[in-house]
Amino acid sequence: MLGAACTTAVLSTAGLIASTWVRSPAEVAAQTEPPKASVLTAPVESKALQRTVILRGRFSSARTLTFAPSSALSPDGTGGSEGGDLLVTRRPRKAGDEVRPGMLLAEVSYRPVFALHGRIPALRDLVQGMRGRDVAQLQDALAELGYSLGPDTRGRFGAGTAAAVRRHYSKLGYAAPTAPGRAPTKNDDGARSPGGLLQLPKSEVMFVPSFPARVVTAGGSVGRKVSDDLLELAVGGVRLTGHLDPSEDDVVKPGQNVQVVIEESGDRYRGAVAEVGDLVTPKASGKLRQPPYIPVAIRAKGSWKPGLNGQDARITITAQATEGNVLAVPLSAVNAPADGRTSVTVISAGGDRRRVRVKAGMSADGFVEVAPEGGALREGDQVVVGR
């Protein structure tokens, strides 16, 4: 009896367990069918929209000047240097240094190279007794440094101009150069320097059209032969040029506001689009091929600091902006069916839906400006953005 009861109990338990494994076809279908589709919504917002274009740019000098002497006087300034090779013997300036009028820029074979204010490059050695526009430029530069020219008339290299040149060489710590053995001309005024007529060799002066200027390259290391340009100066301020993707050519226009972020320091500046150039297609360099771009000139609100020269920048251009807050919805909320009647679908708190015709305006950052044309639409309304 006891054994039969145990057997019955075991069978009953097994039957109960087995019954939990058995499902009708209807139950199986109900459990495996996909869940009911849900509707994704987003609120209508009241916000200001602005469309921005981001591009990269680089600061560079508006103009550069180069200088390389082809000869040098002897260290005492009385004749040609011996040996033939021109060597950098002193390097008082480095890249990035500011240049002012009268400043020593370099030393070549123990002779100075200095800057003076002037637009005409030094094309000849200016020797005492000469006349010309280049002499007048030298006199203006010396007067700017505070030197007296004595009784010399403008454009004539007389004794007063010679004395001013001599004083400047003395200030720099070098012997004033002379031109020994030169025969007097009818224009010489009779004033002589010991050992010959005083001169300003074209190998020792770099005329710079505007200041402040800044050193780009400065002669390399001491002892190097002067085979390339000894000096390169940046003049005329600093400019910023961005590279615009050609697909956005119709978006960027002169006058649009710009924010500039310096990549290295994180400093921020404000500016505006000054000019949009023509398409540039860079030449391939080996395997590296640069994509075409449109140069965009950016002007500062004020002026760019000279120290920005050579810096990379991230440029953000505000191409369009709404006047104050507008009603805006995500782009995915706007329907544009075949009938051309753009609309959004609003869902009420109770789940009811209504279609509201809208006029779409500018878009930016994933949102689009909408103005209701066929129904009410308010800030906070929930609109369908997907399923």
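Reading the values: rules and limits
- Residues numbered from 1 in each chain as written.
- Predicted model: local features only at pLDDT ≥ 70, side-chain atom pairs only at ≥ 80, totals over all residues.
- Heavy atoms only, no water.
- Core = buried A, V, L, I, M, F, W, Y, C linked by side-chain atoms within 4.5 Å.
- Buried < 20%, exposed > 50% of the residue type's maximum accessible area, 1.4 Å probe, protein only.
- Helix = DSSP H or I, 4+ residues; strand = E, 2+ residues; numbered from the N terminus.
- Pairing = 2+ DSSP bridges.
- Axes fitted to C-alpha atoms, helices over the stretch in contact; angles between N-to-C directions.
- Expected span 1.5 Å × (residues − 1).
- Contact = heavy atoms within 4.5 Å.

S.K.: Honestly, the nonpolar core in this entry has me stumped. Any pointers?
M.R.: The tendency in soluble globular proteins is for nonpolar side chains to be buried as a group. If you look at the biggest cluster of nonpolar residues, it comprises 25 residues, and the most contacted ones within it are Leu-138 and Phe-157. Of all elements in the fold, only β7 (111–117), β8 (126–127), α3 (133–144), α4 (159–172), β10 (197–200) and β11 (205–208) reach the threshold of two or more residues within this core. Core analysis: the next-biggest nonpolar cluster, separate from the first, contains 23 residues, Val-238, Val-260, Ile-262 and Ile-315 among them.

S.K.: Whenever I open this one, the sheet that holds β10 confuses me. Can you help?
M.R.: Strand pairs in the sheet, formed through backbone hydrogen bonds, run parallel or antiparallel to each other. On the basis of which strands lie adjacent, the open sheet formed by three strands has the order β8-β10-β9 and antiparallel pairing. For this open sheet the edge positions go to β8 and β9 (178–179), each flanked by a neighbour on one side alone.

S.K.: I would appreciate a short explanation of the sheet that holds strand β1 (residues 40–43) in the present structure.
M.R.: Pairing in this open sheet of seven strands is antiparallel, and the strands run β1-β22-β19-β20-β21-β18-β2 from one edge to the other. On the outer flanks of this sheet lie β1 and β2 (45–47), each paired with one strand and no other. When the angles between neighbouring strand axes are averaged without regard to direction, this sheet yields 55°. In this sheet, strand β18 (residues 326–330) lies alongside β2 in antiparallel orientation, the contact comprising three bridges. By the bridge assignment for β18, Glu-45 is matched with Ala-328.

S.K.: Explain the pairing of β18 here, please?
M.R.: Two faces make up the sheet, and in a regular strand the side chains alternate between them. In terms of burial, β18 is a largely internal element, five of the five residues being buried. Where β18 meets strand β21 (residues 367–374), three bridges bridge the pair, whose relative direction is antiparallel. Within β21, the position partnered with Ala-328 by the bridge is Glu-369.

S.K.: Before we go on, may I ask you to explain α4 in this structure?
M.R.: A turn of α-helix holds 3.6 residues, and therefore any two residues three or four places apart point the same way. Spanning 14 residues, α4 covers 20 Å between terminal C-alpha atoms, matching the ideal 20 Å at 1.5 Å per step. Taken together, the buried residues of α4 touch β6 (104–108), β7, α3 and β10. Following α4 by one or two positions, Gly-173 has its phi on the positive side, about 95°.

S.K.: In this structure, what is going on with α3? I would like to understand it.
M.R.: Taking 1.5 Å per residue, 12 residues should reach 16 Å; α3 reaches 17 Å between its end C-alpha atoms and fits that length. If you check which residues of α3 are buried, you get Asp-134, Val-135, Ala-136, Gln-137, Leu-138, Gln-139, Ala-141 and Leu-142. At its buried positions, α3 is contacted by β7, β8, α4, β10 and β11. Looking at the residues trailing α3, positive phi occurs at Gly-146, about 100°.

Purely spatial values, then, with no claim about function.
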